[in-house]
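Chain residues, written in single-letter form:
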Amino acid sequence: MTDPQTYPRNVDRTFRLVCINFAMLLILFLGIGFLLWQSSRLVRTLQADLARAEQGIAQLRERVQGIGAEAIGEQLVELLGREIREALPAAVKGSALGESVTQMAGTVEATAERVGEASESIVEISHRLQGMDADAIAQQVSYHLLKGLGEGFTGAAESRRPAGAE
């Protein structure tokens, strides 16, 4: 019926399979443990980055709110005047006065464009920050942090994309 020699071979084979399965489970659990450790470390890092970003945004909000429209206008006029004062001596030293005046006009126009762009950016940032609460700011920061970390986090960033994020 049953061969007496096949019984020890079956037990020996079963024991080997059990040992192999145990080793595979051990490797699996070690891998899962490592992944959990890495993810918890990443979460702690992101929380610290988020706290620093929130602090930076709060400081930026205070600075932007502290700058009134009059102060922006004064700074723009001062910057434009400084650019003209710097460009005028260089224009007069040129050999042809017409070329110098043309060059100075180009410098003044370029400076005026830069000043206009800067003031528009400051006003836009001010309006955007005034309409946001701390949760919305945190959501924006986490979105841009995750998006900036790379392809692996782009999907996570897009799944947490707040309304109105660019």
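This is a predicted model, so every value here is computed, not measured.

Calculation rules
Residues numbered from 1 in each chain as written. Predicted model: local features only at pLDDT ≥ 70, side-chain atom pairs only at ≥ 80, totals over all residues. Heavy atoms only, no water. Helix = DSSP H or I, 4+ residues; strand = E, 2+ residues; numbered from the N terminus. Buried < 20%, exposed > 50% of the residue type's maximum accessible area, 1.4 Å probe, protein only. Contact = heavy atoms within 4.5 Å. Areas by Shrake-Rupley, 256 points an atom, 1.4 Å probe, with all protein chains shown as cover. Salt bridge = Lys/Arg side-chain N within 4 Å of Asp/Glu carboxyl O. Phe/Tyr/Trp six-rings, centres within 6.5 Å; stacked < 30°, edge-to-face > 60°. Patch = residues over 30% accessible without salt bridge, like charges linked within 9 Å, V, L, I, M, F, W, Y side chains within 5 Å. Lys, Arg positive; Asp, Glu negative; His and termini not counted. Charge placed at Lys NZ, Arg CZ, Asp CG, Glu CD.

What about the overall build of the protein?
Thinking step 1. If you tally the helices and strands in the protein, you get five helices and zero strands.
Thinking step 2. Considering the protein as a whole, with its 166 residues, one finds that 14% of them fall into the buried category.
Thinking step 3. Sequence separation of 24 or more characterises 55% of the internal contacts of the protein that already satisfy a separation of 6 or more.
Thinking step 4. As displayed, the protein has an accessible area near 12,700 Å², and 62% of this comes from carbon and sulfur atoms.

What to know about the pattern of salt bridges
Thinking step 1. If you walk through the whole model with that rule in mind, you get two salt bridges.
Thinking step 2. Of the charged contacts in the structure, one is a salt bridge between Asp12 and Arg16, with a shortest N-O distance of 2.3 Å. Taken together, the positions of Asp12 and Arg16, both in helix α1 (residues 6–66) and four residues apart, correspond to about one turn of that helix.

So, the packing of aromatic side chains
Thinking step 1. Per the stated rule, a full pass over the model turns up one aromatic pair.
Thinking step 2. Relative to Trp37, the ring of Phe34 lies with its centre 5.9 Å away and its plane at 40°, an arrangement referred to as tilted. You can see Phe34 and its partner Trp37 sitting in helix α1, three residues apart, about one turn around the helix.

Some thoughts on a negative patch on the surface
Thinking step 1. Judged by side-chain charge, Glu109, Glu113, Glu117 and Glu120 come together as a negatively charged surface patch.
Thinking step 2. With respect to the secondary-structure elements, Glu113 resides in helix α3 (residues 97–130).

Observations concerning a nonpolar patch on the surface
Thinking step 1. Together, Leu25, Leu28, Phe29, Ile32 and Leu36 give the surface a local cluster of nonpolar side chains, amounting to about 500 Å² of exposed area.
Thinking step 2. Note on placement: Leu28 falls in helix α1.
Thinking step 3. On the basis of relative accessible area, Leu28 is assigned to the partly exposed category, the value being 46%.

Side note on the environment of Leu50
Thinking step 1. With respect to the helices and strands, Leu50 occurs in helix α1.
Thinking step 2. Overall, the relative accessible area of 22% leaves Leu50 in the partly exposed class.
Thinking step 3. Taking the C-alpha atoms as reference, Leu50 lies 9.4 Å from Gln139; in sequence the two are 89 residues apart.

Digging into the environment of Thr107
Thinking step 1. For Thr107, the location among the structural elements is in helix α3.
Thinking step 2. Residue Thr107 is classed as partly exposed on the basis of its relative accessible area of 28%.
Thinking step 3. For the pair Thr107 and Ile84, spaced 23 residues apart in sequence, the C-alpha to C-alpha distance is 8.0 Å.

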